[in-house]
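# Descriptive analysis of the structure
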Amino acid sequence: MAKIYAIISGKGGVGKTTSTINLGSSLNYLGEDVIIVDANLTTPNLGINLGAPILPITINHVLKNEAKIEEAIYEHESGMKLIPSSLSLKELREIDDHYKKLPELMRKLKKMTNFVIMDSAAGLGEEARSAINACDELIIITNPEISAVTDALKTIKLAEQEDKQIKGLIITRYTGKNHEMSVDNILDMLEIPILGIIPEDEAIKKSQIMKNSVIHTHPKSIAARNYIVAARRIIGENLELEEHIKSGLFKRFLRSVGFR
């Protein structure tokens, strides 16, 4: 049965959109049918990051009952499917509480694909909460900074209150430098499994300029490989990340590519 995941952080700027795109692309690379959805109606970024900022039918039209969900699904050149949100200021003014219809919309999508990955709004306001209510499980995104990890903890507590399962955590922009929280400390604080650790990688920035996922623009990069590993965990492969970290191999690998 299809699974719906909400990509959420509690804090803006930690890599939600980048992770949505690259997890979707990774799942597609692994042979899964996947639809990524821009559930960030107020500050949408998926279309921009995939080179399709303006499209005739968006999730906004569907939520206002002006179009069918099938009409808002576009296929990216990579093979994964996208439901964008509108960049129009007119659409922004007309959002009202349409985001509350997300759960109903997600139920329809479950019949059309294997995985739905939602890029949620930043913070923990009503729009982000609507994405939480619409998903089966959450994937938490954080940087190894204390403020981001603290906001991730708030997100986890909110998920518990809403009786929502958490699939796991993805740590982005990791360098292993002394000013960052260690992976062990993040684990101790959040107490959820890690799906992936995405090191700081120039390939990510280059892929964003190229309007595509790093999986396709730089498939041999460390970021691409680690997003694919995270996707493999999402589909149920049992990969022992914790032992990999504790053994020091991950830190030695980072040093070998210039991060330590």
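Residues numbered from 1 in each chain as written. Predicted model: local features only at pLDDT ≥ 70, side-chain atom pairs only at ≥ 80, totals over all residues. Heavy atoms only, no water.

## Describing the environment of Pro56
Following the sequence through the fold, Pro56 ends up in the loop between helix H2 (46-49) and helix H3 (59-63). Ignoring any residue separated from it by four or fewer positions in sequence, one finds Pro56 in contact with His61 and Tyr74. (Helix = DSSP H or I, 4+ residues; strand = E, 2+ residues; numbered from the N terminus. Contact = heavy atoms within 4.5 Å.)

## Observations concerning the sheet that holds strand S1 (residues 3-8)
Read across the sheet, 8 strands follow the order S3-S4-S2-S5-S1-S6-S7-S8 without closing on themselves; strand pairing throughout is mixed. Edge positions in the sheet fall to strand S3 (74-75) and strand S8 (194-199), since each has one partner strand and no second. Relative to strand S6 (residues 137-142), S1 is paired through 4 bridges, and the arrangement is parallel. Its bridge partner being in S6, Tyr5 is matched across the sheet by Glu137. Along the sheet, helix H1 (residues 16-29) contacts S1, strand S2 (34-38), strand S5 (115-119), S6 and strand S7 (165-174); its crossing angle with S5, the most-contacted strand, is approximately 165°. Of the strands in this sheet, S7 and S8 are in contact with helix H8 (residues 183-190), which crosses S7 at around 150°. (Pairing = 2+ DSSP bridges. Axes fitted to C-alpha atoms, helices over the stretch in contact; angles between N-to-C directions.)

## With respect to the pairing of S1
Where burial is concerned, most of S1 is hidden: 5 out of the 6 residues are buried. In this sheet, S5 lies alongside S1 in parallel orientation, the contact comprising 5 bridges. Looking across to S5, one finds that Ile7 is bridged to Asp119. (Buried < 20%, exposed > 50% of the residue type's maximum accessible area, 1.4 Å probe, protein only.)

## Let's talk about the pairing of S5
In terms of residue burial, S5 counts as a mostly covered element, since 5 of its 5 residues are buried. Strand direction decides the pairing type here: S2 and S5, joined by 5 bridges, are parallel. The residue of S5 that forms the bridge with Asp38 is Asp119.

## Overview of the packing of helix H7 (residues 146-161) against H8
Between H7 and H8, whose axes approach to 10 Å, the crossing angle comes to 30°. With respect to H8, the axis of H7 lies roughly parallel. Crossing handedness for the pair H7 and H8: right-handed. Here Ile146, Val149, Thr150, Ala152, Leu153 and Ile156 of H7 come into contact with H8, specifically with Ile186, Met189 and Leu190. Grouping the amino acids of the contact of H7 with H8 by side-chain chemistry returns 8 nonpolar, 1 polar and no charged. (Parallel < 35°, antiparallel > 145°, perpendicular 65-115°, else oblique. Left-handed = near helix turned anticlockwise from the far one by under 90°. Nonpolar A, V, L, I, M, F, W, Y, C, P; charged D, E, K, R; others polar.)

## Describing the nonpolar core
Ranked by internal contacts, the top residues of the largest apolar core, which has 45 residues, are Val37, Met106, Met118 and Ile140. Here the element with the most residues in this core is H7; it accounts for 5 residues. Setting aside residues no more than four positions away along its own chain, Met118 makes contact with Ile4, Tyr5, Ala6, Ile7, Thr20, Val37, Ala39, Met106, Ala131, Ala134 and Cys135. Formed by 31 residues, the second largest nonpolar core is a distinct cluster that contains Val14, Ile21, Ala148 and Ala230. (Core = buried A, V, L, I, M, F, W, Y, C linked by side-chain atoms within 4.5 Å.)

## Some thoughts on the packing of aromatic side chains
As enumerated under the stated definition, the model contains 1 aromatic pair in all. Note on Tyr5 and Phe115: the rings are 6.3 Å apart at their centroids and 15° apart in plane angle, and the pair reads as stacked. Of this pair, Tyr5 sits in strand S1 while Phe115 sits in strand S5, and the two are 110 residues apart along the sequence. For the pair shown, Tyr5 and Phe115 are each scored as buried. (Phe/Tyr/Trp six-rings, centres within 6.5 Å; stacked < 30°, edge-to-face > 60°.)

## Points about the pattern of salt bridges
One pass over the structure, following the stated rule, counts 9 salt bridges. Its salt-bridge partner being Arg173, residue Glu200 comes within 3.0 Å of it at the nearest N-O pair. Of this pair, Glu200 sits in the loop between S8 and helix H9 (202-209) while Arg173 sits in strand S7; the two residues are 27 residues apart in sequence, bridging distant segments of the chain. (Salt bridge = Lys/Arg side-chain N within 4 Å of Asp/Glu carboxyl O.)

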